[in-house]
Amino acid sequence: MTIAAEELAPLLAEIAAEASGRFGEGRLHATIPRLAQVDPNQFGIAVATLDGGIAKAGAADVPFSIQSISKVFSLCLALDYLGEDLWERVGRNPSGLRFNSLTRIEQEQGRPMNPFVNPGALVVADCLVDRAATPIHTMIGLLRRLAHSNRVSCDYEVAKSELSMAFRNYAAAALLKEYGNLRGEPRAVVHAYTHFCAARMSCVELARAALPLANEGRDPVTGAQILPPGRSRRVNSLMLTCGLYDAAGDFAYRVGLPAKSGVGGGIMAIVPNRMAIAVWSPELDPLGNSVAGFAALERLARDADLSVF
Ligand code: GLN
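Think of each chain on its own: its residues are numbered from 1, step by step along the sequence as written. The predicted nature of this model means local features are confined to residues of pLDDT at least 70 and side-chain atom pairs, given and counted, to a pLDDT of 80 or more, with totals for whole chains, interfaces and linings taken over all residues. Water and hydrogen atoms were dropped before computing side-chain values, which therefore reflect all heavy atoms in the structure.

Peer 1: I'm lost on the state of the cysteines in this one. Help?
Peer 2: Think of a disulfide as a covalent bridge from one cysteine sulfur atom to another cysteine sulfur atom. What counts as a disulfide here is a pair of cysteine sulfur atoms lying within 2.5 Å. Counted by the stated rule, this structure contains zero disulfides. Here C76 is not cross-linked by a disulfide; its sulfur's nearest cysteine counterpart is in C127, at 13 Å. Unpaired in this structure, C242 has its nearest cysteine sulfur neighbour in C76, at a distance of 14 Å.

As structure tokens, this is what we get:
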């Protein structure tokens with residue numbers, strides 16, 4: 001069933017009003033000092049529909065740090081470069097562990113469980129480091145093109161702040177290197193990965209950028225084929241099973257959509273053949289997902305009947 005963006009506007013306004021009732025329930029991400037300084041009492045939501053329409057409510061135009069949501073876009077680039085060969089180096093199953101856990105690296109002999117846990121995203125970043133002198137420019141270029149916005153940028157302060165505390169990611173990269181699953185130097189790979197995470201986008205820009213994933217890889221506005229046929233299904237399936245880390249099952253149960261979260265408080269969700277959604281509120285639950293964002297998507301999926309199941 002097709003829904004025009006404007007039909008969703010009243011529901012989004014209600015959801016935004018309800019979200020403020022949840023402020024104070026979660027906590028800001030602590031291991032990126034710069035993110036711990038963000039005003040926690042913010043909420044934004046945007047929906048981009050296949051006809052080019054946008055509906056939004058709250059702080060939908062305020063840019064935020066997309067963090068792990070960038071892992072979806074770096075995966076798309078790595079698949080462009082390596083095709084299915086990428087899967088020799090990274091798995092496709094949920095880890096059931098925290099996104100920054102090192103446990104499985106040893107258990108799986110250096111082949112990370114999936115591209116959305118940090119070790120997997122480091123291997124993906126390595127593929128991009130291998131191809132470009134300044135991989136962050138490749139990434140920001142892609143995001144700008146997809147979002148139709150030159151405002152998308154890398155927040156170098158956030159990246160610097162994260163790098164000052166990135167001991168776990170350095171440890172993960174060192175282990176991956178030892179297992180022979182990184183071509184680049186661990187430091188350079190963590191540097192590139194951290195800068196991808198520091199991309200800044202608003203909900204409107206993110207929803208717009210995600211639209212090809214809802215449309216068999218095509219940008220519905222320009223008609224350009226962004227991803228090869230079949231790719232969006234694969235990426236969406238990974239988001240459904242691994243996109244919210246160890247909360248992926250709970251999210252599939254309560255919302256029923258492929259999605260990817262980040263510790264900046266953003267969640268991007270795909271409704272295949274219908275729309276893309278981006279929601280943002282900085283306070284996180286203990287698993288690192290936005291408290292108000294998760295609740296907002298649950299309500300939107302229920303009231304607009306969006307679940308893929
Ligand atoms: N940059 C963060 C990290 O590596 C991203 C984590 C996230 O958003 N889940 O820990």
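Peer 1: I tried to follow unusual backbone geometry on my own but got confused; where do I start?
Peer 2: A negative phi angle characterises most non-glycine residues, just as the trans form characterises most peptide bonds. One non-glycine residue with positive phi stands out, namely Q67, at about 45 degrees. Topologically, Q67 is positioned in the loop between β3 (64-65) and α2 (70-82). In this structure, N273 takes a positive phi of about 65 degrees despite not being glycine. Strands are runs of DSSP state E lasting at least two residues, helices are runs of H or I lasting at least four, and both sets are numbered from the N terminus onward. Take N273: it is sitting in the loop between β7 (266-271) and β8 (275-280).

Peer 1: Whenever I open this one, the site of the ligand confuses me. Can you help?
Peer 2: For the ligand, the full set of nearby residues is Q67, S68, F99, N118, E162, N169, Y193, C197, Y245, G262 and V263. Whenever a nitrogen or oxygen atom comes within 3.5 Å of another N or O atom, the pair is scored as a polar contact, on the condition that within protein one atom can donate a hydrogen and the other can accept it, and that pairs from neighbouring residues in sequence are kept only if both atoms are in side chains. The side chain of N118 places a nitrogen or oxygen atom 3.0 Å from an oxygen atom of the ligand. Between N169 and the ligand, the recorded distance is 2.9 Å, taken from a side-chain N or O atom to an oxygen atom. Residues are sorted three ways: Asp, Glu, Lys and Arg are charged, Ala, Val, Leu, Ile, Met, Phe, Trp, Tyr, Cys and Pro are nonpolar, and all the rest, Gly among them, are polar. Split by residue class, the shell around the ligand holds five nonpolar, five polar and one charged. One heavy atom within 4 Å of a molecule or strand makes the whole residue count as near it.

Peer 1: Help me out: how do you make sense of the sheet that holds strand β6 (residues 259-261) in this one?
Peer 2: Pairing between the strands of a sheet comes from backbone hydrogen bonds, and it takes one of two forms, parallel or antiparallel. Note on pairing: two strands pair once DSSP finds at least 2 bridges between them. Reading across the sheet, the five strands line up as β2-β1-β8-β7-β6 and stay open at both edges, with antiparallel pairing between neighbours. Looking along the sheet, the strands with just one partner apiece sit at the ends: β2 (54-58) and β6. The mean angle between the axes of side-by-side strands here comes to 10 degrees, regardless of whether they run parallel or antiparallel. Bridging between β7 and β8 involves six bridges; their strand directions are antiparallel. Directly across from V271, in β8, lies its bridge partner M275. Contacts: residue pairs with any heavy atoms within 4.5 Å of one another. Axes, fitted as lines to C-alpha atoms, cover a helix only where it is in contact. Angles between the N-to-C directions of the axes lie from 0 to 180 degrees. The sheet contacts of helix α1 (residues 5-19) involve β1 (44-49), β2 and β8, and relative to β2 the element is tilted by about 15 degrees.

Peer 1: Sorry if this is basic, but what is going on with the packing of helix α4 (residues 118-131) against helix α7 (residues 167-178) here?
Peer 2: For any two helices packed against each other, one specifies the crossing angle of their axes together with the interaxial distance. For the pair α4 and α7, interaxial distance at closest approach is 10 Å and the crossing angle is 65 degrees. Viewed along their axes, α4 and α7 form a crossing whose handedness is right-handed. Contacts between α4 and α7 involve N118, P119, L122 and V123 from the former and N169, A172, A173 and L176 from the latter. The residue makeup of the contact of α4 with α7, split by class, is six nonpolar, two polar and no charged. By definition, any crossing whose near helix is turned counterclockwise from its far helix by less than a right angle is left-handed, and any crossing with a clockwise turn is right-handed.

Peer 1: Would you mind showing me how to read the packing of aromatic side chains here?
Peer 2: In this description, a pair of aromatic rings is defined by centroid distance and the angle of the planes. When two rings of Phe, Tyr or Trp (its six-membered ring) have centres within 6.5 Å they constitute a pair, described as stacked for plane angles under 30 degrees, edge-to-face for angles over 60, and tilted for the intermediate range. Tallied over the full model, the rule gives three aromatic pairs. On the basis of an interplanar angle of 5 degrees and a centroid distance of 5.2 Å, the ring pair of F64 and W280 is categorised as stacked. Note that F64 is positioned in strand β3 and W280 in strand β8, a separation of 216 residues in sequence. Exposure class is identical for F64 and W280. Each is buried. Whether a charge sits over a ring comes down to the Lys NZ or Arg CZ being within 6 Å of the ring centre and within 35 degrees of the ring normal. Across from the ring centre of Y170, 4.8 Å away, lies the NZ or CZ of R187, which sits over that ring. Exposed residues in this analysis have more than 50% of their type's maximum accessible area, buried residues have under 20%, and partly exposed residues fall in between, with area computed by a 1.4 Å probe over protein chains only.

Peer 1: Explain the environment of R34 to me, please; I cannot follow it from the model alone.
Peer 2: In this fold, R34 is placed in the loop between α1 and β1. Filtering out sequence-adjacent residues up to four positions away, R34 remains in contact with E157, V158 and S161.

Peer 1: Got a minute to help me understand empty space enclosed by the protein in this structure?
Peer 2: Where empty space is left becomes clear once a probe the size of a water molecule has been rolled over the atoms. The pocket and cavity definitions rest on a 1 Å grid over protein atoms only: a 1.4 Å probe that fits but cannot leave marks a cavity, an open set with protein on both sides within 12 Å along at least five of seven lines marks a pocket, and residues lining either have an atom within 4 Å of a point. Grid points are joined across faces, edges and corners, and a volume is the space filled by probe spheres set on the points. Tallied over the entire structure, the rule returns one cavity of 30 Å³ or more. Taken as a whole, the largest cavity holds about 80 Å³ of empty space. If you go around the largest cavity, the residues you meet are S95, L97, R98, F99, N100, S101, R104, I105, P112, M113, V117 and P119. Grouping the constituent residues of the lining of the largest cavity by class yields seven nonpolar, three polar and two charged.

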